[in-house]
Amino acid sequence: MAANLELDPAEALAGAARLAALADRLSAAAAAVHSTAVDELPLAPVVAARRDDLAARLGRRAADVALVAVRARRQAEAVEEHDRQVAEGARQLEAGLLARHR
């Protein structure tokens, strides 16, 4: 089965922007979790350890998503540049062929 490997750079850039926004939200969630006060709870040390673990995991996921967003944006930009170069090459080829037939 053949796959359609075409990539619309505009859609890919929009997806990368959505991923970057998600990374920002995850990072904010990690900060919010980390700043949650648990000192007054009966099991404060246990709860604090769990809180810190959750904040660290959220932070790692935020970093992972941010990295994917950067890579997606770079890929979209590369596809966009390639498409531009192909179109320019086609214009030059067409102009050369038209010039020969005149």
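In case you missed it, the structure is sitting above this.
Remember, predicted model here, so these are calculated numbers, not experimental data.

Chemist: So what exactly am I meant to see when it comes to the overall build of the protein here?
Modeler: Secondary structure assignment for the protein yields two helices and zero strands. For 102 residues, the compact-globule formula gives about 13 Å, and the C-alpha radius of gyration of the protein, at 24 Å, lies well above that figure. Referenced to the eigenvectors of the C-alpha coordinate spread, the extents of the protein come out at roughly 90 × 30 × 15 Å. Looking at the protein residue by residue over its 102 residues, the buried ones come to 19%. Long-range pairs, those at least 24 residues apart, make up 73% of the contacts in the protein with a sequence separation of at least 6. Here the protein has roughly 7,900 Å² of accessible surface; of this, 59% comes from carbon and sulfur atoms. Treating the 14 positive side-chain charges of the protein as one cloud and the 15 negative ones as another, the clouds have centres 3 Å apart.

Chemist: Help me understand the nonpolar core, please; the structure alone is not making it clear to me.
Modeler: Counting residues in hydrophobic clusters, the biggest one holds eight residues: A23, L26, A30, V33, A55, L58, A62 and V65. Among the secondary structure elements, those contributing two or more residues to this core are α1 (9-34) and α2 (44-100). Once you skip the residues sitting within four places of it in the chain, A55 turns out to touch A30, V33 and H34.

Chemist: Just to check I follow, could you spell out a negative patch on the surface for this structure?
Modeler: Residues E6, D8, E11, E80 and D83 make up a contiguous surface patch of negative charge. Its place among the elements puts D8 in the segment before α1.

Chemist: Sorry if this is basic, but what is going on with the packing of α1 against α2 here?
Modeler: How two helices sit against one another is set out by the angle between their axes and by the gap between those axes. Taken N-terminus to C-terminus, the directions of α1 and α2 make an angle of 165°; their axes are 8 Å apart at the nearest point. The pairing of α1 with α2 is recorded here as roughly antiparallel in orientation. Helix-helix and strand crossings are classified by hand; for α1 and α2 the assignment is left-handed. In terms of residue class, the contact of α1 with α2 is built from 23 nonpolar, three polar and seven charged.

Chemist: Honestly, the pattern of salt bridges in this entry has me stumped. Any pointers?
Modeler: When the charged atoms of two side chains with opposite charge come close together, those side chains can pair. Applying the stated rule across the entire model yields six salt bridges. In this structure, D53 engages R57 in a salt bridge whose closest nitrogen and oxygen atoms are separated by 3.1 Å. Of this pair, D53 and R57 both sit in helix α2, four residues apart, roughly one helical turn. Classification of D53 by relative accessible area gives partly exposed; the value is 36%.

Calculation criteria
Residues numbered from 1 in each chain as written. Predicted model: local features only at pLDDT ≥ 70, side-chain atom pairs only at ≥ 80, totals over all residues. Heavy atoms only, no water. Helix = DSSP H or I, 4+ residues; strand = E, 2+ residues; numbered from the N terminus. Rg over C-alpha atoms; globule rule 2.2 N^0.38 Å. Buried < 20%, exposed > 50% of the residue type's maximum accessible area, 1.4 Å probe, protein only. Contact = heavy atoms within 4.5 Å. Areas by Shrake-Rupley, 256 points an atom, 1.4 Å probe, with all protein chains shown as cover. Lys, Arg positive; Asp, Glu negative; His and termini not counted. Charge placed at Lys NZ, Arg CZ, Asp CG, Glu CD. Core = buried A, V, L, I, M, F, W, Y, C linked by side-chain atoms within 4.5 Å. Patch = residues over 30% accessible without salt bridge, like charges linked within 9 Å, V, L, I, M, F, W, Y side chains within 5 Å. Salt bridge = Lys/Arg side-chain N within 4 Å of Asp/Glu carboxyl O. Axes fitted to C-alpha atoms, helices over the stretch in contact; angles between N-to-C directions. Parallel < 35°, antiparallel > 145°, perpendicular 65-115°, else oblique. Left-handed = near helix turned anticlockwise from the far one by under 90°. Nonpolar A, V, L, I, M, F, W, Y, C, P; charged D, E, K, R; others polar.

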